[in-house]
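# Descriptive structure summary
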Amino acid sequence: MQEKDNLFDAAAIPTELCGARVLQSALDRSLQERIVAQLRDIVVKAPLHRPVTRWGKPMSVKMTAAGKFGWISDTRGYRYAETHPSGAHWPDIPKEILSIWKLFVPEARDPECCLINLYEPNARMGLHQDRDEADFSQPVLSVSLGDEGLFRIGGPERSNKTRSIWLRSGDIVILEGASRLAFHGVDRIKPGTSDLLDKPGRINLTLRVVT
Ligand code: SIN
Ligand code: MN
């Protein structure tokens, strides 16, 4: 199985950051490359789009998703939806991505959404909580691919002190337990720090249980 091929570093020593579990270099390069190839197939079926906020302001991150649900935002507000804005169902979550979830959060229910965020060099994501899901006892697991991103995390109140870490390609962050509702965001991307993707930028996958 994949673990024997050392595609995952299941023994990676987790760092704790505001209660979140950070696993640096958790995925090896060949697995990252295969995931990127699988994402290319997904974006053919479910093209990346740039969501707008409820107030009509375009977000800087481009998004798509795989799984039963995707997360969308438009002038009707933000929510999980069973279809892409084109009306098509989201593609399935690739098996290798599901196996990352199973390895690192084996107790959790199966993920129902793999949100795919593309950060082009000037994109960022403001501090927010992931709280559109029904069951906060279930973790959120994120996978970083491509250029480094400066990830910031605090606590359950926006005013809580935050800490930052540069996330590199192959790193995993798990929001679970007390950190599940921690405010978090991405302040900036450092273009040119990885050659995984064809173009400068960062991809972040977040796996979530929605219902
Ligand atoms: C997110 O909060 O949805 C993404 C976090 C990240 O890009 O690392
Ligand atoms: Mn989030």
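Just so it is clear, the structure is predicted and the values come from calculations on it, not from any experiment.

### Things to note about the coordination of the manganese ion (ligand 2)
- Here the manganese ion (ligand 2) is held by His 128 (NE2), Asp 130 (OD) and His 184 (NE2), and the distances to it run 2.2 Å.
- For the manganese ion (ligand 2), all donor residues lie on one chain, and their spacing in sequence is H-x1-D-x53-H. Note that Asp 130 is positioned in the loop between strand E7 (125-128) and strand E8 (140-146) and His 184 in strand E12 (residues 184-190), a separation of 54 residues in sequence. For the pair formed by Asp 130 and His 184, the shared burial category is buried.

### What to know about the sheet that holds E12
- What the four strands build is an open sheet, ordered E7-E12-E9-E10; its pairing is antiparallel. Of all the strands in the sheet, the pair left with one neighbour each is E7 and strand E10 (163-167). For this sheet, the mean angle separating the axes of adjacent strands, direction not counted, is 20 degrees.

### As for the site of ligand 1
- Near ligand 1 you find Asn 117, Tyr 119, Met 125, His 128, Phe 151, His 184, Val 186, Arg 202, Asn 204 and Arg 208, and these make up its full shell.
- Interatomic distance of 3.3 Å between a side-chain N/O atom of Asn 204 and an oxygen atom of ligand 1.
- Calculation on ligand 1 without its partners gives an accessible area of 260 Å², and the protein chains cover 97% of this total.
- Of all elements in the fold, only strand E6 (113-119), E7, E12 and strand E13 (202-208) reach the threshold of two or more residues within the shell around ligand 1.
- Top element by residues in the shell around ligand 1 is E13. It accounts for three residues.
- Class assignment of the residues belonging to the shell around ligand 1 gives a composition of four nonpolar, four polar and two charged.

### Side note on the nonpolar core
- Judged by nonpolar contacts, the single largest core of 31 residues is most densely connected at Leu 141, Ile 172 and Leu 205.
- Within the residue set of this core, elements represented by two or more residues are helix H1 (29-45), helix H2 (95-104), E6, E8, strand E11 (172-175) and E13.
- Element by element, the count of residues in this core is highest for H1, at five residues.
- Contacts of Ile 172, omitting those with residues within four sequence positions, involve Arg 21, Val 22, Leu 23, Ala 26, Leu 27, Ile 100, Phe 104, Leu 141, Ser 142 and Val 143.
- Judged by nonpolar contacts, the second largest core, of 30 residues, contains Val 22, Ile 72, Ala 123 and Val 186.

### Some points on the pairing of E11
- Where burial is concerned, the two faces of E11 agree: the one with Ile 172 and Ile 174 and the one with Val 173 and Leu 175 are both buried.
- Here strand E2 (residues 20-23) runs beside E11; their pairing, made up of three bridges, is antiparallel. By the bridge assignment, Arg 21 is partnered in E11 with Ile 174.

So, how was this worked out
- Residues numbered from 1 in each chain as written.
- Chains lettered and ligands numbered in written order.
- Predicted model: local features only at pLDDT ≥ 70, side-chain atom pairs only at ≥ 80, totals over all residues.
- Heavy atoms only, no water.
- Donors = N, O, S within 2.8 Å, 3.2 Å for Na, K, Ca; no water.
- Helix = DSSP H or I, 4+ residues; strand = E, 2+ residues; numbered from the N terminus.
- Buried < 20%, exposed > 50% of the residue type's maximum accessible area, 1.4 Å probe, protein only.
- Pairing = 2+ DSSP bridges.
- Axes fitted to C-alpha atoms, helices over the stretch in contact; angles between N-to-C directions.
- Near = heavy atom within 4 Å.
- Polar contact = N/O pair within 3.5 Å; in protein donor to acceptor, adjacent residues only side chain to side chain.
- Areas by Shrake-Rupley, 256 points an atom, 1.4 Å probe, with all protein chains shown as cover.
- Nonpolar A, V, L, I, M, F, W, Y, C, P; charged D, E, K, R; others polar.
- Core = buried A, V, L, I, M, F, W, Y, C linked by side-chain atoms within 4.5 Å.
- Contact = heavy atoms within 4.5 Å.

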